[in-house]
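Here is how the chains run, residue by residue.
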Amino acid sequence: MLDGYGYLREALCSPVYEVAKATPVNRLARLSERLGQDVWLKREDLQPVHSFKLRGAYHKIASLPSDCPGVVAASAGNHAQGVALSARALGFKAIIVMPTQAPSIKVEAVKALGAEVVLFGDNFDAAKDHAQTLSSQQGFAFVAPFDDEKVIAGQGTLGLELIKELPKLDVLFLPVGGGGLAAGVAAVIKQLKPEIRVVAVEPDDAACFKAAFEAGAPVTLEEVGTFADGVAVKRIGSETFRVMNQFVDEAITVSNDAICAAIKDIFEDVRAVAEPAGALSLAGLKAWCEQHPEFKGQVGAVLSGANLNFHLLRQVSERCDLGEGTEAVLAVTIPERPGSFLALCRTLKGRAVTEFSYRYRDTAEAQILVSVRTGGIHERTALVADLEQSGFDVLDLSDNELAKLHVRYMVGGRPPVHRSERLYSFAFPEHPKALLAFLENLGSQFDISLFHYRHHGADVGRVLAAFADAENDSLTRHLDSIGYPYRAEDDNPAYSRFLC
């Protein structure tokens, strides 16, 4: 078991630069001015495989004996490419097991690097189990994505570069999925400059390190969000947790909207397009700086990857202003009479309207969904107060996932006659036959009274569905048998306002 000095020694002697680059750091001038801090970004998107994963993969594979018949790994993206390139450079055969719904762009990228791709299972866990089976059957070395001393040490080489590039660094923010990068960099940093504060950053819906820290040991999350798929890990590694628990000073979580805003910040400053996991640490940096307004100094984040599914940009574009707090999504009730629209618009006081949805409801009142540009959270709060003081009934839906994923695209969908409904949101693997399989599994025994699906370019599809006059126990048993994660949404205020 390596201690901090052991990881430093491994990183110093690593051969990763036979394939990897010592990537530059860029100062984010616009963001620095906005935050009042000196903000720097480590550009791991400039690696040959566009992510930091090459470091750990190469360090691990370079340590294998020359008579090893080959390597096998499981990955849906960045680790796969790092292993494939490393194996090719070192003359090893590589087999990469990827989930069946892995985006074709990532599958083709791995094949182009000379690896054999095996598509297996609907998720990473199934792919990993199959990869370990292949490893045992064929005698290949299994290259873990994060929970391996050699992989961790390889990632630690990034910390050595940061020490040289940013000698005045005060706080460093690192993204966390399984913890390989954070563990390796934190261990190295703390041996050389222990005064640097190291902050781990996770998505709100995939915070496996936070859960482990609170429990005192790694725990398995029941489910994780997959918007930032590169860090969508249910369980932190045992070794990565041990190292992080010793050398990481603090952990912070951020929303998916905040990640979208960070992607926009990176693009505006350096014209790079980060994947969600790649922008995670910058989102954490921004949140931390807002929480510590008294701090002034040099702060750094890592653009850890740029292997973005292009179609995901639509969701990023739609959500970045919400993450920045510069857009508000509001449900407003207005009287159904001439002049009501005008009164509402006057109350908005010239703010830019980005979305406005209305449908006739009845002779008494109308429900409006309106999105408005604001100058931040405080202005959003003030806007709601202005509307309420003007006599409007207002519900702020800016933080309501159901409203942002579904309802804003469905406003006006009320049945002409009230019916008893059960409303559920679902997540299913995003591959061509997933939606069809979902509908076929539902069958015809239940009356579907509402259904909404919109492709967002992510690895998981989102469905909102309502079932009319359904016996609850029978419906629940059937939904459980389908096997897709689901959640009851009957009490969601966005549903009661616009859809029932």
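Preceding this paragraph is the structure being described.
Residues numbered from 1 in each chain as written. Predicted model: local features only at pLDDT ≥ 70, side-chain atom pairs only at ≥ 80, totals over all residues. Heavy atoms only, no water.

## A look at the overall build of the chain
Which entries qualify depends on this criterion: Secondary structure elements are defined from DSSP: runs of H or I of at least 4 residues count as helices, runs of E of at least 2 residues count as strands, and each element is numbered from the N terminus. Atoms counted for the radius of gyration: C-alpha only. Globule rule: 2.2 Å times the number of residues to the power 0.38. For each residue, the accessible area found with a 1.4 Å probe, counting protein chains only, is set against the maximum for its type, and the residue is called buried under 20%, exposed over 50%, and partly exposed in between. Each accessible area is a Shrake-Rupley estimate made with a 1.4 Å probe; only the visible protein chains count as cover when residues are assessed.
Regarding its fold elements, the chain presents 19 helices and 18 strands. What you see for the chain is a C-alpha radius of gyration of 25 Å, in line with the 23 Å of a compact globule of 500 residues. Overall, the C-alpha framework of the chain stretches about 80 × 55 × 40 Å when taken along its three principal axes. Considering the chain as a whole, with its 500 residues, one finds that 57% of them fall into the buried category. As displayed, the chain has an accessible area near 20,800 Å², and 51% of this comes from carbon and sulfur atoms.

## So, the packing of aromatic side chains
The condition that has to hold: For Phe, Tyr and Trp, where Trp contributes only its six-membered ring, two rings pair if their centres lie within 6.5 Å, and the inter-plane angle classes them as stacked under 30 degrees, edge-to-face over 60, or tilted in between. We call a charge positioned over a ring when the NZ of a Lys or the CZ of an Arg lies within 6 Å of the ring centre and within 35 degrees of the ring normal.
All chains considered together, the criterion is met by eight aromatic pairs. Ring geometry for Tyr424 versus Phe426: centroids 6.3 Å apart, planes at 50 degrees, classification tilted. No difference in accessibility class separates Tyr424 from Phe426, as the two residues are buried. Look at Tyr424 and Tyr486: their rings are 5.5 Å apart centre to centre, the planes differ by 75 degrees, and that puts the pair in the edge-to-face class. In this pair, Tyr424 sits in strand 15 (residues 421-429) while Tyr486 sits in strand 18 (residues 486-488), placing the two residues 62 residues apart along the sequence. Exposure remark for Tyr424: the relative accessible area of 3% places this residue in the buried category. Residue class for Tyr486 comes out partly exposed when judged on its relative accessible area of 27%. Taking NZ or CZ as reference, Arg271 lies 5.3 Å from the ring centre of Phe267, over its face.

## Topic: the packing of helix 3 (residues 53-62) against helix 4 (residues 78-90)
Short version of the rule: Inter-axis angles, ranging from 0 to 180 degrees, are taken between N-to-C directions of lines fitted to C-alpha atoms, where helices are fitted over the stretch in contact. Oblique is the label for any angle not under 35 degrees, not over 145, and not in the 65 to 115 range, which are roughly parallel, roughly antiparallel and roughly perpendicular in turn. A clockwise turn of the near helix away from the far one marks a right-handed crossing, whereas an anticlockwise turn of less than a right angle marks a left-handed crossing. Should any heavy atoms of two residues lie within 4.5 Å, those residues are considered in contact. When residues are grouped by polarity, Ala, Val, Leu, Ile, Met, Phe, Trp, Tyr, Cys and Pro land in nonpolar, Asp, Glu, Lys and Arg in charged, and all others, Gly among them, in polar.
Where helix 3 contacts helix 4, the two axes come as close as 8 Å, and the packing angle between them is 40 degrees. When the axes of helix 3 and helix 4 are compared, the pair comes out oblique. For the pair helix 3 and helix 4, the crossing hand works out as right-handed. Where helix 3 abuts helix 4, its residues Lys53, Leu54, Ala57, Tyr58, Ile61 and Ala62 lie against Asn78, His79, Gly82, Val83, Leu85, Ser86, Ala87, Ala89 and Leu90. Class assignment of the residues belonging to the contact of helix 3 with helix 4 gives a composition of 10 nonpolar, four polar and one charged.

## What to know about a negative patch on the surface
Just so we agree on the cut-off: Each patch is built from residues lacking any salt bridge and having more than 30% relative accessible area; the joining distance is 9 Å for like charges and 5 Å for nonpolar side chains (Val, Leu, Ile, Met, Phe, Trp, Tyr). The term salt bridge refers to a pairing of a side-chain nitrogen on Lys or Arg with a carboxyl oxygen on Asp or Glu at a separation within 4 Å. Residues counted as positive are Lys and Arg, residues counted as negative are Asp and Glu, and His and the chain ends are not counted. Lysine's charge is taken at NZ, arginine's at CZ, aspartate's at CG and glutamate's at CD.
Residues Asp204, Asp205, Glu222 and Glu223 make up a contiguous surface patch of negative charge. On the secondary structure map, Glu223 appears in the loop between helix 9 (208-215) and helix 10 (238-247).

## Digging into the state of the cysteines
Inclusion rule: In plain terms, two cysteine sulfur atoms within 2.5 Å form what is called a disulfide here.
Enumeration over the complete set of coordinates arrives at zero disulfides. Here Cys289 is not disulfide-linked; the sulfur of Cys320 is the nearest cysteine sulfur, at 20 Å.

## Re the sheet that holds strand 1 (residues 25-27)
In a beta sheet, neighbouring strands pair by backbone hydrogen bonds and run either parallel or antiparallel. Formally: One requirement defines pairing of two strands: DSSP has to find at least two bridges between them.
The strand order across the open sheet built from six strands is 1-2-10-7-8-9, with neighbouring strands paired in mixed fashion. What marks the edges here is a single partner per strand, and that holds for strand 1 and strand 9 (250-254). Shown here is a sheet whose adjacent strand axes are inclined to one another by a mean of 25 degrees, direction ignored. Both strand 7 (residues 171-175) and strand 8 (residues 197-203) contribute to a ladder of five bridges, which runs parallel. Among the inter-strand pairings, Leu174 is bridged to a residue of strand 8, identified as Ala200. Contacts from helix 7 (residues 149-165) reach strand 1, strand 2 (38-43), strand 7 and strand 10 (298-303) within the one sheet, and its direction differs from that of strand 2 by about 140 degrees.

## Comments concerning the environment of Ile95
Here Ile95 lies in strand 4 (residues 93-98). Remark: the alpha-carbon pair of Ile95 and His378, spanning 283 residues in sequence, is separated by 52 Å. Residues contacting Ile95, with those up to four places away along its chain left out, are Val71, Val72, Ala73, Glu116, Val118, Leu134, Gln138 and Phe140.

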